[in-house]
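Observations on the three-dimensional arrangement
So you can see what is in the structure, the chains are spelled out below.
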Amino acid sequence: MGLRVGASAFVFTTAPVPRDGPGGNPVQLIFVLLVPEKATDLHLQILSELAQMFSDKEMRAQLAALPDARDVQRLISEWEPHAPGQRRAAV
């Protein structure tokens, strides 16, 4: 049995946050994942799926328009990749 993810948080900022790095685009959607020091590869799978989820422009727009945390949690947990053969989201 692998270790579970310790905790996670999703933040939508009211104003874009500047950042350095590739593209240099400011961000408004932030997902934080806390994992135990001796975590298994599950967190890497979750990060991969989150990257795919947040690269979907329609998904980002839907998240930004939701009125409360329950709706955000429901949308994230029900999300499925559009690419054939992809697994259901792990979060």
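Above this text is the structure in question.
So, here's what we can say about the structure.

About the cut-offs
Residues numbered from 1 in each chain as written. Predicted model: local features only at pLDDT ≥ 70, side-chain atom pairs only at ≥ 80, totals over all residues. Heavy atoms only, no water. Salt bridge = Lys/Arg side-chain N within 4 Å of Asp/Glu carboxyl O. Helix = DSSP H or I, 4+ residues; strand = E, 2+ residues; numbered from the N terminus. Buried < 20%, exposed > 50% of the residue type's maximum accessible area, 1.4 Å probe, protein only. Expected span 1.5 Å × (residues − 1). Arc of directions from axis to C-beta. Contact = heavy atoms within 4.5 Å.

In this section: the pattern of salt bridges. Taken as a whole and judged by the stated rule, the model has 1 salt bridge. For D71, the salt bridge identified is with R74, shortest N-O distance 3.1 Å. Taken together, the residues span about one helical turn, with D71 and R74 both in helix α3 (residues 69-78) at a distance of 3 residues. Accessibility expressed as a relative area gives 18% for D71, which makes it buried. Looking at R74, the relative accessible area reads 40%, which means it is partly exposed.

A few words on helix α1 (residues 42-54). In an α-helix, one full turn covers 3.6 residues, which means residues spaced three or four apart are oriented alike. Over its 13 residues, α1 runs 18 Å from end to end, which matches the ideal 18 Å to within 8%, given 1.5 Å per residue. Buried within α1 are the following residues: H43, I46, E49, L50, M53 and F54. Down the axis of α1, the buried set is contained in an arc of 130°. They therefore lie on one face. Buried residues along α1 sit against β1 (7-17), β2 (27-34), α2 (57-65) and α3.

Keep in mind that these numbers describe shape and distance, not what the molecule does.
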